Amino acid sequence: MSTRIAVLASGRGSNLEALASHVERRAAGMATVVLAASDRADAGALDVARAHGIAAAALDMGPDHARALGALLATHRIDLVVLAGYLRLVPPDVVRAWRGRIVNVHPALLPAFGGPGMYGARVHRAVLAAGARVSGVTVHFVDEVYDRGATIAQWPVPVRDDDTPAALAARVLRVEHLLLPRAVLALARGDVRLADDGRALWMPRATTATAAFLLRDTDDDDLARSIDAALGA
Ligand code: GRF
(Lines give C-alpha, C1' and ligand atoms only; values in the text may rest on other atoms or scores of the structure.)
Protein backbone atom coordinates (compact mmCIF):
# COMPACT_ATOMS: atom_id res chain seq x y z
CA MET A 1 0.00 0.00 0.00
CA SER A 2 1.68 3.22 -1.12
CA THR A 3 2.13 5.92 1.52
CA ARG A 4 0.05 8.93 0.46
CA ILE A 5 1.91 12.19 1.17
CA ALA A 6 0.51 15.72 1.37
CA VAL A 7 2.81 18.76 1.29
CA LEU A 8 1.84 22.12 2.81
CA ALA A 9 3.87 25.03 1.43
CA SER A 10 3.63 28.82 1.37
CA GLY A 11 6.40 29.67 -1.08
CA ARG A 12 8.05 28.74 -4.33
CA GLY A 13 8.07 25.02 -3.57
CA SER A 14 11.67 23.99 -4.19
CA ASN A 15 11.40 21.48 -1.33
CA LEU A 16 8.17 20.14 -2.84
CA GLU A 17 9.96 19.80 -6.17
CA ALA A 18 12.86 17.93 -4.52
CA LEU A 19 10.51 15.65 -2.58
CA ALA A 20 8.22 14.88 -5.53
CA SER A 21 11.15 14.17 -7.86
CA HIS A 22 12.93 11.97 -5.30
CA VAL A 23 9.78 9.98 -4.52
CA GLU A 24 9.06 9.48 -8.22
CA ARG A 25 12.64 8.30 -8.80
CA ARG A 26 13.28 6.23 -5.70
CA ALA A 27 9.96 5.20 -4.17
CA ALA A 28 7.55 4.45 -6.99
CA GLY A 29 4.91 2.15 -5.54
CA MET A 30 6.06 2.71 -1.95
CA ALA A 31 5.14 6.39 -1.57
CA THR A 32 3.40 9.07 -3.62
CA VAL A 33 2.96 12.81 -3.17
CA VAL A 34 -0.78 13.10 -3.91
CA LEU A 35 -1.61 16.59 -2.63
CA ALA A 36 0.00 20.01 -2.29
CA ALA A 37 -1.88 22.72 -0.38
CA SER A 38 -1.01 26.32 0.37
CA ASP A 39 -2.31 29.21 2.45
CA ARG A 40 -1.55 31.31 -0.65
CA ALA A 41 -3.51 30.66 -3.83
CA ASP A 42 -0.63 32.18 -5.86
CA ALA A 43 2.14 30.13 -4.24
CA GLY A 44 4.73 28.81 -6.69
CA ALA A 45 4.46 25.48 -4.86
CA LEU A 46 0.99 24.96 -6.38
CA ASP A 47 2.46 25.41 -9.86
CA VAL A 48 5.16 22.88 -8.99
CA ALA A 49 2.44 20.45 -7.92
CA ARG A 50 0.50 20.90 -11.13
CA ALA A 51 3.66 20.32 -13.16
CA HIS A 52 4.01 16.95 -11.37
CA GLY A 53 0.34 16.05 -11.82
CA ILE A 54 -0.18 16.44 -8.06
CA ALA A 55 -3.54 17.80 -6.81
CA ALA A 56 -3.04 21.47 -5.84
CA ALA A 57 -5.34 23.16 -3.31
CA ALA A 58 -5.59 26.67 -1.89
CA LEU A 59 -6.43 26.31 1.80
CA ASP A 60 -9.46 27.92 3.41
CA MET A 61 -7.73 30.10 6.03
CA GLY A 62 -10.99 31.39 7.51
CA PRO A 63 -12.55 30.57 10.90
CA ASP A 64 -13.32 27.06 9.62
CA HIS A 65 -9.64 26.45 8.71
CA ALA A 66 -8.93 23.56 11.07
CA ARG A 67 -11.99 21.57 10.01
CA ALA A 68 -11.39 22.34 6.32
CA LEU A 69 -7.74 21.23 6.52
CA GLY A 70 -8.66 18.03 8.35
CA ALA A 71 -11.35 17.30 5.77
CA LEU A 72 -8.97 17.97 2.85
CA LEU A 73 -6.39 15.55 4.26
CA ALA A 74 -9.06 12.92 4.93
CA THR A 75 -10.62 13.30 1.47
CA HIS A 76 -7.21 12.60 -0.10
CA ARG A 77 -6.63 9.66 2.31
CA ILE A 78 -3.32 11.20 3.42
CA ASP A 79 -0.91 9.09 5.51
CA LEU A 80 1.90 11.62 5.99
CA VAL A 81 1.91 15.43 6.01
CA VAL A 82 5.10 17.35 5.14
CA LEU A 83 5.45 21.06 5.91
CA ALA A 84 7.89 22.44 3.35
CA GLY A 85 8.13 26.17 3.83
CA TYR A 86 4.67 26.38 5.37
CA LEU A 87 4.56 29.63 7.34
CA ARG A 88 1.31 29.16 9.27
CA LEU A 89 0.84 27.32 12.57
CA VAL A 90 -0.95 24.02 12.00
CA PRO A 91 -4.17 24.06 14.08
CA PRO A 92 -3.74 22.07 17.33
CA ASP A 93 -6.67 19.78 16.41
CA VAL A 94 -4.87 18.79 13.21
CA VAL A 95 -1.52 18.33 15.00
CA ARG A 96 -3.19 16.06 17.55
CA ALA A 97 -4.97 14.02 14.85
CA TRP A 98 -1.70 13.67 12.89
CA ARG A 99 0.80 13.29 15.74
CA GLY A 100 3.72 11.25 14.50
CA ARG A 101 2.59 11.63 10.88
CA ILE A 102 3.35 15.33 10.30
CA VAL A 103 6.90 16.65 9.81
CA ASN A 104 8.62 19.93 9.05
CA VAL A 105 11.95 20.98 7.56
CA HIS A 106 13.77 23.88 9.22
CA PRO A 107 16.86 25.60 7.74
CA ALA A 108 18.94 25.49 10.96
CA LEU A 109 20.05 23.05 13.66
CA LEU A 110 17.09 23.17 16.09
CA PRO A 111 16.54 23.98 18.87
CA ALA A 112 18.92 26.81 17.96
CA PHE A 113 17.61 29.52 15.64
CA GLY A 114 14.03 28.31 15.65
CA GLY A 115 10.62 29.25 17.01
CA PRO A 116 7.97 31.83 16.10
CA GLY A 117 9.11 34.31 13.47
CA MET A 118 12.29 32.36 12.71
CA TYR A 119 11.91 31.52 9.03
CA GLY A 120 13.59 32.34 5.73
CA ALA A 121 16.37 34.93 5.73
CA ARG A 122 15.75 35.75 9.40
CA VAL A 123 17.17 32.36 10.36
CA HIS A 124 20.38 32.82 8.38
CA ARG A 125 20.80 36.42 9.55
CA ALA A 126 20.56 35.20 13.15
CA VAL A 127 23.09 32.41 12.51
CA LEU A 128 25.58 34.89 11.03
CA ALA A 129 24.92 37.48 13.76
CA ALA A 130 25.61 34.83 16.38
CA GLY A 131 28.93 34.01 14.74
CA ALA A 132 28.00 30.33 14.41
CA ARG A 133 30.54 28.29 12.47
CA VAL A 134 28.12 25.53 11.60
CA SER A 135 24.49 25.74 10.59
CA GLY A 136 22.42 22.98 9.05
CA VAL A 137 19.04 21.42 8.37
CA THR A 138 16.56 19.82 10.76
CA VAL A 139 13.68 17.53 9.86
CA HIS A 140 11.40 17.12 12.87
CA PHE A 141 7.96 15.96 13.93
CA VAL A 142 5.45 18.78 14.27
CA ASP A 143 3.73 19.45 17.57
CA GLU A 144 1.68 22.36 18.86
CA VAL A 145 4.67 24.70 19.25
CA TYR A 146 6.68 26.06 16.28
CA ASP A 147 9.85 24.06 15.61
CA ARG A 148 9.69 22.15 18.93
CA GLY A 149 8.76 18.62 17.83
CA ALA A 150 11.17 15.67 18.12
CA THR A 151 14.13 15.82 15.76
CA ILE A 152 14.15 13.08 13.10
CA ALA A 153 17.33 13.96 11.23
CA GLN A 154 19.88 16.77 11.03
CA TRP A 155 22.78 17.55 8.74
CA PRO A 156 25.48 20.17 9.27
CA VAL A 157 26.25 22.97 6.82
CA PRO A 158 29.47 25.00 7.13
CA VAL A 159 29.28 28.76 7.58
CA ARG A 160 31.91 30.66 5.63
CA ASP A 161 33.59 33.84 6.88
CA ASP A 162 32.28 35.93 3.96
CA ASP A 163 28.78 34.49 4.01
CA THR A 164 25.80 36.71 3.36
CA PRO A 165 22.39 35.47 4.53
CA ALA A 166 21.57 34.66 0.90
CA ALA A 167 24.78 32.65 0.38
CA LEU A 168 24.20 30.66 3.56
CA ALA A 169 20.52 30.16 2.67
CA ALA A 170 21.49 28.69 -0.70
CA ARG A 171 24.02 26.29 0.87
CA VAL A 172 21.46 25.20 3.47
CA LEU A 173 18.65 24.86 0.90
CA ARG A 174 20.79 22.47 -1.15
CA VAL A 175 21.03 20.17 1.89
CA GLU A 176 17.30 20.53 2.60
CA HIS A 177 16.58 19.21 -0.88
CA LEU A 178 18.64 16.11 -0.07
CA LEU A 179 17.75 15.49 3.58
CA LEU A 180 13.99 16.07 3.57
CA PRO A 181 13.08 13.50 0.90
CA ARG A 182 15.27 10.84 2.52
CA ALA A 183 13.82 11.50 5.97
CA VAL A 184 10.27 11.35 4.55
CA LEU A 185 10.97 8.01 2.87
CA ALA A 186 12.50 6.68 6.10
CA LEU A 187 9.18 7.54 7.78
CA ALA A 188 7.21 5.94 4.95
CA ARG A 189 9.32 2.76 5.30
CA GLY A 190 8.78 2.71 9.06
CA ASP A 191 12.52 3.14 9.70
CA VAL A 192 11.74 5.96 12.14
CA ARG A 193 8.67 6.77 14.20
CA LEU A 194 7.51 9.00 17.04
CA ALA A 195 7.93 6.97 20.25
CA ASP A 196 5.53 7.21 23.21
CA ASP A 197 8.15 9.22 25.14
CA GLY A 198 7.98 11.92 22.46
CA ARG A 199 11.34 11.15 20.86
CA ALA A 200 12.04 10.09 17.29
CA LEU A 201 12.94 6.39 17.41
CA TRP A 202 15.03 4.98 14.59
CA MET A 203 14.71 1.22 14.01
CA PRO A 204 18.02 -0.59 14.67
CA ARG A 205 18.16 -1.72 11.04
CA ALA A 206 18.24 1.85 9.81
CA THR A 207 21.21 4.15 9.73
CA THR A 208 21.23 6.68 12.54
CA ALA A 209 19.65 10.11 12.27
CA THR A 210 23.03 11.75 12.74
CA ALA A 211 25.40 12.67 9.94
CA ALA A 212 27.03 9.31 9.35
CA PHE A 213 30.48 10.78 8.62
CA LEU A 214 30.40 12.31 12.12
CA LEU A 215 29.82 8.86 13.59
CA ARG A 216 32.58 7.07 11.73
CA ASP A 217 34.79 5.48 14.35
CA THR A 218 37.42 8.20 14.28
CA ASP A 219 40.34 7.55 16.60
CA ASP A 220 41.75 10.51 18.50
CA ASP A 221 44.73 10.85 16.13
CA ASP A 222 42.42 11.15 13.11
CA LEU A 223 40.24 13.59 14.98
CA ALA A 224 43.28 15.63 16.10
CA ARG A 225 44.54 15.73 12.50
CA SER A 226 41.14 16.94 11.26
CA ILE A 227 40.99 19.67 13.91
CA ASP A 228 44.64 20.62 13.23
CA ALA A 229 43.81 20.93 9.51
CA ALA A 230 40.78 23.07 10.26
CA LEU A 231 42.29 25.28 12.97
CA GLY A 232 45.98 25.09 12.18
CA ALA A 233 48.35 22.95 14.29
C1 GRF B 1 13.00 26.41 3.11
O2 GRF B 1 14.19 27.10 3.41
C3 GRF B 1 12.52 25.73 4.36
O4 GRF B 1 13.56 25.31 5.21
C5 GRF B 1 11.75 26.79 5.04
O6 GRF B 1 11.11 27.50 4.01
C7 GRF B 1 11.86 27.36 2.82
C8 GRF B 1 10.96 26.79 1.78
O9 GRF B 1 11.49 26.99 0.54
N10 GRF B 1 10.83 26.22 5.99
P11 GRF B 1 10.74 26.33 -0.72
O12 GRF B 1 9.37 26.96 -0.82
O13 GRF B 1 10.63 24.86 -0.46
O14 GRF B 1 11.63 26.66 -1.87
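Rules used in this analysis
Residues numbered from 1 in each chain as written. Predicted model: local features only at pLDDT ≥ 70, side-chain atom pairs only at ≥ 80, totals over all residues. Heavy atoms only, no water. Buried < 20%, exposed > 50% of the residue type's maximum accessible area, 1.4 Å probe, protein only. Helix = DSSP H or I, 4+ residues; strand = E, 2+ residues; numbered from the N terminus. Arc of directions from axis to C-beta. Contact = heavy atoms within 4.5 Å. Near = heavy atom within 4 Å. Polar contact = N/O pair within 3.5 Å; in protein donor to acceptor, adjacent residues only side chain to side chain. Areas by Shrake-Rupley, 256 points an atom, 1.4 Å probe, with all protein chains shown as cover. Domains from an automatic or database assignment. Buried area = accessible area lost by both parts, 1.4 Å probe. Salt bridge = Lys/Arg side-chain N within 4 Å of Asp/Glu carboxyl O. Nonpolar A, V, L, I, M, F, W, Y, C, P; charged D, E, K, R; others polar.

Q: Can you explain helix 5 (residues 121-129)? Please cite residues and give values.
A: Among the residues of helix 5, Val123, His124 and Val127 are the ones counted as buried. Angular distribution of buried residues about the axis of helix 5 spans 90°; they occupy a single face of the element. Of the surrounding secondary structure, the elements contacted by the buried residues of helix 5 are strand 5 (102-106), strand 6 (134-141) and helix 6 (165-189). Phi turns positive one or two residues past the end of helix 5, at Gly131, with a value near 70°.

Q: Outline the site of the ligand, supporting the account with residue identities and numerical values.
A: In the vicinity of the ligand, the residues found are Gly11, Arg12, Gly13, Ser14, Asn15, Gly85, Val105, Pro107, Leu173 and Glu176. In the model, an oxygen atom of the ligand is placed 2.9 Å from a nitrogen or oxygen of the Gly13 main chain. Between Glu176 and the ligand, the recorded distance is 2.6 Å, taken from a side-chain N or O atom to an oxygen atom. Protein chains shield 87% of the accessible area of the ligand, which is 360 Å² for the free molecule. Listed by contribution, the elements that provide at least two residues to the shell around the ligand are helix 1 (14-26) and helix 6.

Q: Quick rundown of the domain arrangement of the chain? Include the residues and the values.
A: Domain boundaries in the chain define domain 1 (1-98) and domain 2 (105-233). In this structure, domain 1 and domain 2 have C-alpha centres spaced 23 Å apart. With 23 residues of domain 1 at the interface, the matching set in domain 2 holds 17 residues. Three residues stand out in domain 1 for area buried against domain 2, namely Asn15, His22 and Leu89, and they jointly supply 26% of the buried area on that side. Here domain 1 is connected to domain 2 by zero salt bridges. Seen at the junction of domain 1 and domain 2, the total is three residue pairs in polar contact (both at pLDDT 80 or more). Residue assignment for the side of domain 1 that touches domain 2 shows that the elements contributing at least two residues are strand 1 (3-8), helix 1, strand 4 (80-83) and helix 4 (92-97). Sort the elements by how many residues they give to the side of domain 1 that touches domain 2 and helix 1 lands first, with seven residues. Grouping the amino acids of the side of domain 1 that touches domain 2 by side-chain chemistry returns 15 nonpolar, four polar and four charged.

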